[in-house]
Amino acid sequence: MRRTPTCVLTDADPPRVTGGHAVDRHVQIGSLTKALTGTVLARMAEAGVLGLDDPVERWLPAPPGTGITLLHLARHTSGLPRLPPGLGRHDPYAAFGRAELLRLVRTLDTVAVRPPGEEEYSNLGYAVLGAALAAAGGAGYEELLETHVLRPLDVTEVTARPAPGQRLAAPGLLPGTRRRPWTMDGAILPAGGLWATPRAVAALVVGLLVERRLGEPAVGWQSAGPLYWHNGATRDASVFAGAMADGRWVVVHRLNGRPDDTDRAGIDLLRRG
């Protein structure tokens, strides 16, 4: 049975680390990346670089008249499917590069599974959003993230490609072995490809959700009453990050184990607080 290294950070207690996890090693954060992509969108809109209601075809070679806007993409109401078609099984996003994304963009009207305005959680939608942000900003996704989010918050330790010695992958079945993480630094990056240290995730939660140093939480965050949150999961890593209106916050990251249990652990900590 594989170990489940766990790292828990909250506003109330010192970091709690078990099973060989670490607050200062880079781990995959999966779809928590979307909250940061949504924040880039909001910041670029505030700066006048783009408009939230810009149609996709303003920035990418999509067919005219799809009705899909940047805000649709950020809200998961674009009607695009959850996943890009034709992914592999073992490392599904490894071959999903810019060329593959643009091929889908050119047929966006036929790729969509619902009309714009209807909810359909979509990793593909956030990949398209990231490409549109890069086109509008004239820079790569990571540069835009650094400019609009990380640097203003003085947060480091967030990257698409951590050095091998700085990353922490899930333990394998055999002692001393590690599971090979998914490759997510291509076109899927804005949807779920970032790595970060748990302490960097905590700094983002405090800066964006508690202190609100960049304004109100952006559209990429999920909300439920007084709670703003987002989770994320890859094959072997899962994270829950959230904050309450009264300033309580939590970050739970686990390697191996079920993502639902990671979410439950984070929510339980907030309830007990």
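Note that the structure is predicted; figures quoted are calculated from it, not measured.

(A) Highlighting the overall build of the chain. Tallying secondary structure elements over the chain gives nine helices and nine strands in all. Its C-alpha atoms give the chain a radius of gyration of 18 Å, within 12% of the compact-globule value 19 Å for 273 residues. For the chain, the spread of C-alpha atoms along the three principal axes comes to 50 × 45 × 30 Å. The 273 residues of the chain split such that 52% are buried. Pairs at least 24 apart in sequence give 68% of the contacts found in the chain among residues at least 6 apart. Counting 30 positive and 27 negative side-chain charges, the chain places the centres of these two groups 7 Å from one another.

(B) The arrangement of the nonpolar core in detail. Residues Leu101, Val128, Leu145, Val158, Leu204 and Val251 are the most contacted members of the largest nonpolar core, which totals 66 residues. Element by element, the count of residues in this core is highest for helix H5 (residues 123-137), at nine residues. Those residues in contact with Leu101 that lie beyond four places of it in its chain are Phe96, Leu124, Ala127, Val128, Ala131 and Ala187. One finds Phe240, Met244, Val250 and Leu270 within the second-largest nonpolar core, a separate group that totals seven residues.

(C) The arrangement of the sheet that holds strand E4 (residues 158-159) in detail. The sheet built from three strands is open, its strands ordered E3-E5-E4 with antiparallel pairing. In this open sheet, the two strands that pair with only one neighbour each are strand E3 (27-28) and E4. Pairing geometry for E4 and strand E5 (residues 195-196), over two bridges, is antiparallel. By the bridge assignment for E5, Val158 is matched with Ala196.

(D) Here's a closer look at the sheet that holds strand E6 (residues 222-224). Here we have six strands laid out as an open sheet, ordered E2-E1-E9-E8-E7-E6, and antiparallel in their pairing. The outermost strands of the open sheet, each flanked by one partner alone, are strand E2 (16-18) and E6. With strand direction ignored, the average angle separating the axes of adjacent strands in the sheet is 15°. Seen against the sheet, helix H1 (residues 32-46) touches strand E7 (227-233) and strand E8 (237-244) and runs at an angle of roughly 125° to E7.

(E) Main features of helix H3 (residues 98-105). Of all the residues in H3, the buried ones are Leu101, Leu102, Leu104 and Val105. Down the axis, H3 shows its buried residues gathered within 155° of arc, on one side only. Buried residues along H3 sit in contact with helix H4 (108-111) and H5.

(F) Broad picture of H5. Look at H5: 21 Å from first C-alpha to last across 15 residues, which is about the 21 Å you get at 1.5 Å a residue. For H5, a buried count of twelve out of 15 residues is recorded, marking the element as mostly surrounded by other parts of the structure. Burial in H5 covers these residues: Asn123, Leu124, Gly125, Tyr126, Ala127, Val128, Leu129, Gly130, Ala131, Ala132, Leu133 and Ala136. Where H5 is buried, its residues meet H1, helix H2 (70-75), H3, H4, helix H6 (141-153) and helix H7 (189-192). Regarding H5, its N-cap is Ser122, as a side-chain oxygen of that residue lies 3.4 Å from the backbone nitrogen of Leu124 further along.

(G) Region of interest: the pairing of strand E9 (residues 249-255). Within E9, seven of the seven residues are buried, which leaves it mostly tucked inside the rest of the structure. Across the two faces of E9 the burial is the same, with Trp249, Val251, His253 and Leu255 and Val250, Val252 and Arg254 all buried. Direction of pairing for strand E1 (residues 6-10) relative to E9: antiparallel, over a ladder of five bridges. Bridge pairing links Thr10 to Val250 in E9.

Rules used in this analysis
Residues numbered from 1 in each chain as written. Predicted model: local features only at pLDDT ≥ 70, side-chain atom pairs only at ≥ 80, totals over all residues. Heavy atoms only, no water. Helix = DSSP H or I, 4+ residues; strand = E, 2+ residues; numbered from the N terminus. Rg over C-alpha atoms; globule rule 2.2 N^0.38 Å. Buried < 20%, exposed > 50% of the residue type's maximum accessible area, 1.4 Å probe, protein only. Contact = heavy atoms within 4.5 Å. Lys, Arg positive; Asp, Glu negative; His and termini not counted. Charge placed at Lys NZ, Arg CZ, Asp CG, Glu CD. Core = buried A, V, L, I, M, F, W, Y, C linked by side-chain atoms within 4.5 Å. Pairing = 2+ DSSP bridges. Axes fitted to C-alpha atoms, helices over the stretch in contact; angles between N-to-C directions. Arc of directions from axis to C-beta. Expected span 1.5 Å × (residues − 1). Polar contact = N/O pair within 3.5 Å; in protein donor to acceptor, adjacent residues only side chain to side chain.

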